[in-house]
Amino acid sequence: MSNPRRIAATGRSSRPRYGKITAAVSALALSLVAACSGPAVPSADGSAEVPASATNQTLTVGVATLQQQYADPVLANEGGNTYPIKWSVGEPLIRQELDMRQVPALATEWSVSADDLTWDVKLRQGVKMHDGSTFTAKDVQTSINRVKDPAFTSYAAYVKKIASVEIVNDYEIKIKTTVPYANLVFDTPAPVATDYYNRVGETEFRKKPVAAGPWKFDSQAFNDSMTLTRFDDFWDKDRIANFSKLVLKIIPDESSRLSGIQTGQLDIAQGLTPNSAAQLQGSPTIRLATSKQASVANVFFVDNWFDADSKLKDVNVRKALMLAIDRKAIADSLYRGFGSVTVNATLPVTLGNDTSLQAWPYDPNQAKQLLAAAGAGNLSFTLHLYNQTTAIADVQKFAEAVIGYWKEVGVNVTMDAMDPATYLDKAVKHQLTGAVILGTPGLLISDPEKLSIFYTSTGGYSSVKNAELDGMFARLSSTVKRDDQAKIAGEISRKLHETLYGLPVVSLDAVYAIGPKVAAWKLMEGNPYPGPFWYLDAK
Amino acid sequence: MTRYTLSRLLQGLVAMWVIVTIVFFLARLGGDAAALLAPADATPEQIAAIRVSYGFDQPLYLQYVDYLRGIATLDFGQSVSYRQPVVDLVMPAMVNTARLALAAFAIALVLGVTFGAIAGVRAGTRYDQAVRGLSVLGQSVPPFWLGMLLVLLFSINLGWLPAFGSEGFTSLILPACALAAFPLASIARLTRSSVLEIVARDQTLFERSKGVGPATLMSHILRNASLPVVTLAGIQLGAMFSGTIVVENLFAWPGVGQLAIQGIQARDFALIQGIVVVNTFVFVALLFVVDLSYGWLDPRVRAIKTAVKSRVEATVEAAA
């Protein structure tokens, strides 16, 4: 488990099975008092030994959302909140290890031709699919052909780059691309059982998919839960759980997830804000676990995307705005230590991240001087944000804190909070001016090319048009060798640090509460989303 | 009575048509659904392909005609975000919401009428004061806060009931109680005032003076006092079907409320429309039943309708 911390809490106390009304009222009063009290002192970790076969054969995980709740692991590529299924039911050619390294999964070797356009992928032998069939190159081809349907919107960019797919033999496949595509093998959809797919058809397959992941899809109660069962024939024995059933229970309300872990209805509660985590402090049975630097809370200055004049186009003004924010105070107070000051837009998990860069300090005096020198003493603009996002906990409080610091250096900022659908729509269409808040999940930006979404003139959520950055990202996307990519990514890393088109204010941890039935769980660094449910064992 | 029934039915259908039409057009004012469905780095060509795939490229009137035809055949289309037929999403959710709403309604109706009726016949006593006080409290406390308190008490501290979920009878108790508080208080208050009015009537005094037994007397009072209560109860039940969002969210109850939130967040036109159509149908059907029940509960309503009908016919004959 990643930095597991057992936390003190109000917790469950010994309680009467039945009581009179007076007892109930007393309990309510005590609960209210306890709920209002501050955090207690953390105690030592109490991890237990992992039995080969657990006594508890079902673990229930409370998740805030599974978004569209696709059972199909290929369809479940629509965004991080669908990844629990993608990671559990599906097994890709290359997967990310818990430290974000790309490691072989169903592909064992891959190489690219001299012109960088033809990939030769060797596949793992002896792998079973969930229906007992043997995995072959045909299953890879079927999956690629499926995503050519526009319904697989998240594969639109992938499909555009695919020229052809050729099966060399059962365990070798050649994929030709129209342009150099460094992440081709990694981005290729998880293989699906071809014979089963052809037999049941697309519609039925989506309801009951058959792939090769460590968990088999069992059943789904829409908007309620998804049940997975352990796949005993999974090729990677290290990732097979010691219990048989995993229930992903959708509980949108955070306080209910908190109640669930306290009452024992849940074994793992995902997506807890620091305030909720504090309520669990002192519990003898509940531990907290974190995925470090799961996302970065950024402020992007979108005026840099437009041609019109704006003080926010002045790099010194942007530096002043960065210097004006006491980021450590935000990390320590608002996020209660479940956040940290970021050095740059790239994270340690990002390929090519330049570790020699220094974090911008908190220096309000220098900020005032820079603003005055830039003639921006009376700077004012609007900070737009969404009122809910998985990537940034307490996003409105975060915005209020940032605005408060800016006010102290004489910058007046109006807050404009919108629902996510309206906000993201406006952001994509460049209908927002001033500044915007966006979370960048570590999982996403572990691939530096994905930063182009935010920093190139064609990026969906871009806040800037800068020819130099565009050129850097173009070079990055046409480079397939990992070392070369890392060098270019390093350049980008430094450029973003200097130019501050976006302020990476703080990085945030994803917080889980772990109940007493869980023996061990290793979390993925830089992942704000639920799962992956590998290396998870019950007592 | 048949004419009255048909007229109410027609009114209901017109109301439904107006609402579903408004919803259709409002939903499409919100933005380009194809662009929303596309990934952030999608090209205009990819967005165009998605637009064609989902029929968003069709003229609005054609989309509308298809939509009305679909409603008539219970085909609300395909959810753009969930990639499933809307009817497959809405109907199970509606069943769950109906379970919750009916349980809450049963609590509200039985307790509300009981407390209200007793408070009405014992007006001015401590019992009456207590009912009035609790009614104000019930109408003032937001259901989400009441729900959280109930969870804190009965789930976390006492461990008697599950904190959330929809499996089994026990999981129904807390959300139903949280949802029932407001209508219970409303029904109790209205029953009390209605009973008070009937108790004060000469008819009741006459029955008392003739020595009619308390049970019979109470049944007469309740039947006479029931018209406004039935009206309110019908509206409250309809509101429960469409107003359970907060309670469903708090108790992770997989009903229509949660589905509606997800549909709105994803700008899933077809899903939003499906939910509104089904909710409208439920509401209109409930009001229809309430209207019909007037005639059963109060013979004077039937008599008035008959009298009006005779008068109209007489007028028409005279004019002829």
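Residues numbered from 1 in each chain as written. Chains lettered and ligands numbered in written order. Predicted model: local features only at pLDDT ≥ 70, side-chain atom pairs only at ≥ 80, totals over all residues.

Peer 1: So what about the overall build of chain A? Which residues, and what values?
Peer 2: Counting its regular elements, chain A contains 17 helices and 20 strands. Its C-alpha atoms give chain A a radius of gyration of 24 Å, within 12% of the compact-globule value 24 Å for 539 residues. Projecting the C-alpha coordinates of chain A onto the three principal axes gives extents of approximately 75 × 70 × 40 Å. Considering chain A as a whole, with its 539 residues, one finds that 52% of them fall into the buried category. In chain A, the share of contacts with a sequence separation of at least 24, taken over all contacts with a separation of at least 6, comes to 73%. (Helix = DSSP H or I, 4+ residues; strand = E, 2+ residues; numbered from the N terminus. Rg over C-alpha atoms; globule rule 2.2 N^0.38 Å. Buried ≥ 20, exposed ≤ 12 C-beta atoms within 10 Å, placed from the backbone. Contact = placed C-beta atoms within 7 Å.)

Peer 1: Could you give an account of the overall build of chain B, naming the residues involved and the relevant values?
Peer 2: Helix and strand content of chain B: 14 helices and zero strands. The N-to-C order of helical and strand elements in chain B reads α-α-α-α-α-α-α-α-α-α-α-α-α-α. By residue count, 40% of the 320 residues in chain B fall in the buried class.

Peer 1: Describe helix α13 (residues 420-428) of chain A, naming the residues involved and giving the relevant values.
Peer 2: Given 3.6 residues to a turn, an α-helix orients residues that are three or four positions apart in the same direction. Turning to α13(A), its buried residues number three or more, namely A:Y423, A:L424, A:A427 and A:V428. On an axial view of α13(A), the arc spanned by its buried residues comes to 125 degrees, and they lie on one face. (Arc of directions from axis to C-beta.)

Peer 1: Would you mind going over the sheet that holds strand β7 (residues 162-169) of chain A in detail, with residue names and values included?
Peer 2: Sheet strands line up and pair through hydrogen bonds in the backbone, either parallel or antiparallel. Residues and elements named next belong to chain A. One open sheet accounts for four strands, arranged β5-β6-β8-β7; its pairing is antiparallel. Each having just a single partner strand, β5 (107-112) and β7 make up the two edges of the open sheet. For this sheet, the mean angle separating the axes of adjacent strands, direction not counted, is 20 degrees. Here helix α3 (residues 137-146) sits on the sheet and contacts β6 (118-123), β7 and β8 (172-177); the angle it forms with β7, its principal contact strand, is near 165 degrees. (Pairing = 2+ DSSP bridges. Axes fitted to C-alpha atoms, helices over the stretch in contact; angles between N-to-C directions.)

Peer 1: Provide a residue-level description of unusual backbone geometry, including the pertinent values.
Peer 2: Leaving glycine out, the prevailing phi sign among residues is negative, and the prevailing peptide bond configuration is trans. Residues and elements named next belong to chain A. A cis amide bond links G531 with the next residue in sequence, P532, at an omega value of 0 degrees. Residue placement: P532 occurs in the loop between β19 (518-521) and β20 (536-538). Within the chain, L500 stands out as a residue other than glycine whose phi angle is a positive 50 degrees. Residue placement: L500 occurs in the loop between α17 (482-499) and β18 (502-514). Residue L500 is classed as buried on the basis of its C-beta count, with 21 C-beta atoms lying within 10 Å.

Peer 1: Describe the environment of A:P532, listing the residues and the values that go with them.
Peer 2: You can call A:P532 buried: it has 23 C-beta atoms within 10 Å. Taking the C-alpha atoms as reference points, A:P532 and A:W521, separated by 11 residues in sequence, lie 9.8 Å from one another.

Peer 1: Residue-level account of the confidence of the model for chain A, with values.
Peer 2: Of the residues in chain A, 91% reach a pLDDT of 70 or more, and the chain-wide mean stands at 88. Confidence drops under a pLDDT of 50 for residues 1-47 of chain A, and excluding neighbours within four residues, the segment shows 88 contacts in the predicted structure. (pLDDT = per-residue confidence, 0-100.)

Peer 1: Quick one: what's the story with the pairing of β8(A), residue by residue and with numbers?
Peer 2: Residue and element names in this part refer to chain A. Pairing geometry for β6 and β8, over five bridges, is antiparallel. Bridge pairing links K122 to E172 in β8. What sits between the antiparallel neighbours β7 and β8 is a turn of two residues.

Peer 1: Residues and numbers for the pairing of strand β16 (residues 412-418) of chain A, please.
Peer 2: As paired elements, strand β15 (residues 380-386) of chain A and β16(A) share seven bridges and run parallel to each other. By the bridge assignment for β16(A), A:Y386 is matched with A:M418.

Peer 1: If you had to explain the environment of A:D139 to someone new, which residues and values would you point to?
Peer 2: Residues and elements named next belong to chain A. Tracing the sequence through the fold places D139 in helix α3. The spatial distance from the C-alpha of D139 to the C-alpha of A193 is 5.7 Å, given a sequence separation of 54 residues. The residues contacting D139, other than those within four sequence positions of it, are P191, V192, A193 and T194.

Peer 1: Outline the confidence of the model for chain B, listing residues and values.
Peer 2: Caution applies to low-pLDDT regions: their predicted coordinates should not be interpreted in detail. Residues of chain B with pLDDT of at least 70 account for 87%, and the chain-wide mean is 84. Interface confidence for the predicted complex, given as ipTM, is 0.75, next to a pTM of 0.82.

Peer 1: Tell me about the packing of helix α9 (residues 315-323) of chain A against helix α11 (residues 364-373) of chain A, and name the residues and values.
Peer 2: All names here are of chain A. One way to put it is that α9 packs onto α11 with a least axis distance of 8 Å and a crossing angle of 160 degrees. For the element pair α9 / α11, the angle class is roughly antiparallel. Of the two possible hands of crossing, α9 and α11 adopt the one that is left-handed. For the pair α9 and α11, contact is made by N316, V317, K319, A320 and L323 and by P364, Q366, A367, L370, L371 and A373, respectively. Among the residues making up the contact of α9 with α11, the classes are represented as eight nonpolar, two polar and one charged. (Parallel < 35°, antiparallel > 145°, perpendicular 65-115°, else oblique. Left-handed = near helix turned anticlockwise from the far one by under 90°. Nonpolar A, V, L, I, M, F, W, Y, C, P; charged D, E, K, R; others polar.)

Peer 1: Just give me the short version of helix α7 (residues 143-157) of chain B, but keep the residues and values in it.
Peer 2: Residue and element names in this part refer to chain B. Between its first and last C-alpha, α7 extends 20 Å over 15 residues, near the 21 Å set by a 1.5 Å rise per residue. The sharpest bend along α7 comes to roughly 30 degrees, located at V151. Taking burial as the measure, the 15 residues of α7 include 11 buried ones, the bulk of the element. Along α7, the positions that sit buried rather than exposed are P143, L146, G147, L150, V151, L152, L153, F154, S155, I156 and N157. Of the residues flanking the end of α7, it is G159, one or two places downstream, whose phi is positive at about 65 degrees. (Expected span 1.5 Å × (residues − 1). Bend = angle between axes of the 7 residues up to and from the residue.)

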